[in-house]
Amino acid sequence: MSDKHVLAVFCLLVGTALPSFAHAQAAATSNTAITPDGTPNPNPPTTLPSTSHQADSTDPDIPALKAGNLFSPETGHSLSYWDGLVAHLTVEAGISGNPWTRSGRNFGQFYLDRANTVTLNQIMGSISHPITSIGGGYGIGFVAEVMYGSDARFDPTIGMGDGTLTGLYQWAPTQAHIDVHTPWIFRHGIDFQAGQMYALIGAEGTPALARPFYSFNYASDYIVPFETVGIIATMHLSQHMDWILGIDAGNSTTFGQAGNNSRPKGYFGFAWNNLMGGKLNLHAIGHFGPQGNNGVSRTSPAGWTSSGLGKAANGLMQYNASLLATYHVNKTLSLMAEALYLHDDASRDDAYGVTSYLSWDIHPSLTLNVRGEIFRDNTGGIINQYPGNMSYTNSLRNRPYFYYGAPPTTYGALTVGVAYRPPFVNRHLGSGVLTVRPEIRLDKSLNGTHPFNQAATVSGAAVNNGTSNMLWFNLDAVLSF
């Protein structure tokens, strides 16, 4: 059996993993009814009475308030709302080793695009408060989060500080939302999030520890919306089933003149939680709406064009859909699988992929992670490389941008790595935790194209004179508080 067939079989059979990673929410900063894997949480880490300063909540859907990590109330005193404030700081740096590249880039990657370069990927800080009861079955909380580093090049929200820094290291607000629990209609009520939020689909999250590896899979980079600005309602139909509806401005953009067009977008989907005695979680969620830019197309002196489509963009739909299943075999072994699909009327692109994960806690300080993926870019228009520091942001802002892609390709990728939390270091860090994640990854074209390890030009933006595979070695270190 050829290596191509071995990789394909692995991706389909590894039925996969991990304790819920996702673009939806970082575990360290999430305190809404949405879990880190993007599915509504039937027992959200919300909390309790604040205005009355009671110690316990009488609402079973809003757990009791707990002291956060910003203040230490005196023993014997009732907690106030502000005692529940939580702050987190995460620093991630790493290197992606690819000795065979001739372009200096790792093709098909956003955050890990720079080969053989030590990079400060992100310094991410957040202040949040769990949903806390204000009486009558209502609760309120919030999340505010910002990121600085090389990852911010690919995490802008147009209209929210984009372009203030233009180098390798930029900044970006990543979350700013109010979270409300209501007792409306259903027995377990409805939860609302309003503001800027991570997308609800995708198995791998933007924050460093919201994913199992340093590198991303293709689907999370190229199909999943990064941030959206809008309102999401999670309706708890039963103890184990939620209905999700949302309206927003679109991927990485806001409303008004900063928006990509004048039409709304939104979510529709369902989630099933804690099935089979708490072992199984499922979600089926789609994001729909016109995503193209309705501005006039522009061309730079070098010949690069912008993404503007004119008024026709207002009626050209984009569909993103995710089917995610997470199964906890036991306390140390988890399997996860996700299928993602994208169709774009504007570019007539179709892309879809299946990713499987296995996560095994070999030791309290050591976790083995395995990921297999098959991803199809039907037209070659989805998997693009953005070499300039502002290329991706400019593509969203309807400014000419430098990019290159590949012919229609079926990609296969196999990644094996560990997450090591060295006890001899962490015992001296107080509330901090150091995580080191080495990985080895093989990417391969399964249909004979050669997109890897080569760059392109304006006249030849589809690379097919590179290599058919890319073997690379990655290592990051994450310090979190």
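No experiment lies behind these values; they were computed from the predicted model shown.

## Digging into the overall build of the protein chain
Scanning the protein chain for helices and strands turns up five helices and 17 strands. Sorting the 481 residues of the protein chain into buried and exposed places 56% on the buried side. In the protein chain, the share of contacts with a sequence separation of at least 24, taken over all contacts with a separation of at least 6, comes to 65%. Of the roughly 18,600 Å² of accessible surface on the protein chain, 64% is carried by carbon and sulfur atoms.

## Topic: a nonpolar patch on the surface
A contiguous nonpolar surface patch, about 540 Å² in accessible area, is contributed by L89, I123, V146, Y148, L165, W171 and F481. Residue placement: L165 occurs in the loop between β4 (138-149) and β5 (170-182). Judged by relative accessible area, L165 falls into the partly exposed class, the value being 35%.

## As for empty space enclosed by the protein
Across all of its chains, the model carries three cavities of 30 Å³ or more by this definition. There is about 80 Å³ of room inside the largest cavity. Along the walls of the largest cavity sit 14 residues, with P156, G161, D162, G163 and W171 positioned nearest its centre. For the lining of the largest cavity, the element with the highest residue contribution is β5, accounting for four residues. Partitioning the lining of the largest cavity into residue classes produces seven nonpolar, six polar and one charged. By volume, the second largest cavity is sized at about 60 Å³. If you trace the second largest cavity, you find 14 residues lining it, with Y111, L112, R114, T119 and N121 closest to the centre. Looking at the lining of the second largest cavity, the element that brings in the most residues is strand β2 (residues 86-97), giving three residues. Looking at the lining of the second largest cavity, its residues break down into five nonpolar, six polar and three charged.

## Things to note about the side chain of D443
Along the chain, the position of D443 falls in strand β16 (residues 433-445). For D443, a relative accessible area of 1% translates into the label buried. There is a polar contact of 2.6 Å between the side chain of D443 and the side chain of Y218. Side-chain polar atoms of D443 contact the side chain of R441, separated by 2.7 Å. Here D443 is in contact with Y218, G412, A413, F452, S468, N469, M470 and W472, once residues within four sequence places are set aside.

Cut-offs applied
- Residues numbered from 1 in each chain as written.
- Predicted model: local features only at pLDDT ≥ 70, side-chain atom pairs only at ≥ 80, totals over all residues.
- Heavy atoms only, no water.
- Helix = DSSP H or I, 4+ residues; strand = E, 2+ residues; numbered from the N terminus.
- Buried < 20%, exposed > 50% of the residue type's maximum accessible area, 1.4 Å probe, protein only.
- Contact = heavy atoms within 4.5 Å.
- Areas by Shrake-Rupley, 256 points an atom, 1.4 Å probe, with all protein chains shown as cover.
- Patch = residues over 30% accessible without salt bridge, like charges linked within 9 Å, V, L, I, M, F, W, Y side chains within 5 Å.
- Salt bridge = Lys/Arg side-chain N within 4 Å of Asp/Glu carboxyl O.
- 1 Å grid on protein atoms, 1.4 Å probe; cavity = no way out; pocket = protein on both sides within 12 Å on 5 of 7 lines; lining within 4 Å.
- Points joined across faces, edges and corners; volume = space filled by probe spheres on them.
- Nonpolar A, V, L, I, M, F, W, Y, C, P; charged D, E, K, R; others polar.
- Polar contact = N/O pair within 3.5 Å; in protein donor to acceptor, adjacent residues only side chain to side chain.

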